Amino acid sequence: MNKTLRNCGGMLVLLTLLTTGCSFASDDDVTGGNLRGVNHTQEGITNFSVNGYSGFVGGDSCCILLPNTWRSGLKAQVEWVSDPNPREKIKRKTRGYGFDEQALAKHEASYKNNNAIVDIPKYDEKRCGLTVHFLPCNNVKVTTSCWGYGSPEYPIKEPLNMSEPKICTR
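Residues numbered from 1 in each chain as written. Predicted model: local features only at pLDDT ≥ 70, side-chain atom pairs only at ≥ 80, totals over all residues. Heavy atoms only, no water.

### A short note on the state of the cysteines
A complete count under the given rule lists three disulfides for this structure. Put simply, Cys62 and Cys63 are joined by a disulfide, and their sulfur atoms are 1.6 Å apart. Linking Cys62 and Cys63, the disulfide has an S-S dihedral of approximately -40° and is accordingly described as left-handed. For Cys62, a relative accessible area of 62% gives the class exposed. A sulfur-sulfur distance of 2.0 Å marks the disulfide that ties Cys137 to Cys168. Its S-S torsion of approximately -75° makes the covalent link between Cys137 and Cys168 left-handed. Remark: Cys168 occurs in the segment after strand 8 (139–143) and Cys137 occurs in the loop between strand 7 (130–135) and strand 8; sequence separation between them is 31 residues. (Disulfide = S-S within 2.5 Å. Buried < 20%, exposed > 50% of the residue type's maximum accessible area, 1.4 Å probe, protein only. Helix = DSSP H or I, 4+ residues; strand = E, 2+ residues; numbered from the N terminus.)

### A look at the sheet that holds strand 7
Reading across from one edge, 4-1-7-8 is the order of the four strands in this open sheet, with mixed pairing throughout. In this open sheet, the two edge strands, each paired with only one partner strand, are strand 4 (60–67) and strand 8. Each strand axis lies, on average, 30° off the axis of its neighbour in the sheet, ignoring direction. Alignment of strand 1 (residues 30–39) against strand 4, held across seven bridges, turns out to be antiparallel. The partner of Asn34 across the bridge, within strand 4, is Cys62. (Pairing = 2+ DSSP bridges. Axes fitted to C-alpha atoms, helices over the stretch in contact; angles between N-to-C directions.)

Structure (structure tokens):
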């Protein structure tokens, strides 16, 4: 019985090493990084995702996986929900806590679902997650830059709080 347990234990260790080795091998070519969003529009961005990873505007969320080596054709599928009236005041309930459900539902009915597929610009070994920039006309830019928005070295220069043009060319 003791010999059988040792054999089973040895097989279990071998099986664990084999399966662990396979799972590590598939992850060796990617690295996790923070996902963040910057809103350049006058609409509100209620939430967004990139290739299925969730993020939010105004802070970092963990994590998005990026290949260790950039390759041509690398894309980001960005999906987001925008609020065209982010400054609209929604009535509070006359009693209790929270908002008037009908007023809130009416407001949320104006939300728009958006999506874009954009190229991920070339990066080298040093990258700092992925930052998504939401621009007027449902345009999106992404960067892996480690510099902060507004610094001279940062690649995306568009200002914040941009107005929507009368005609969008996209």
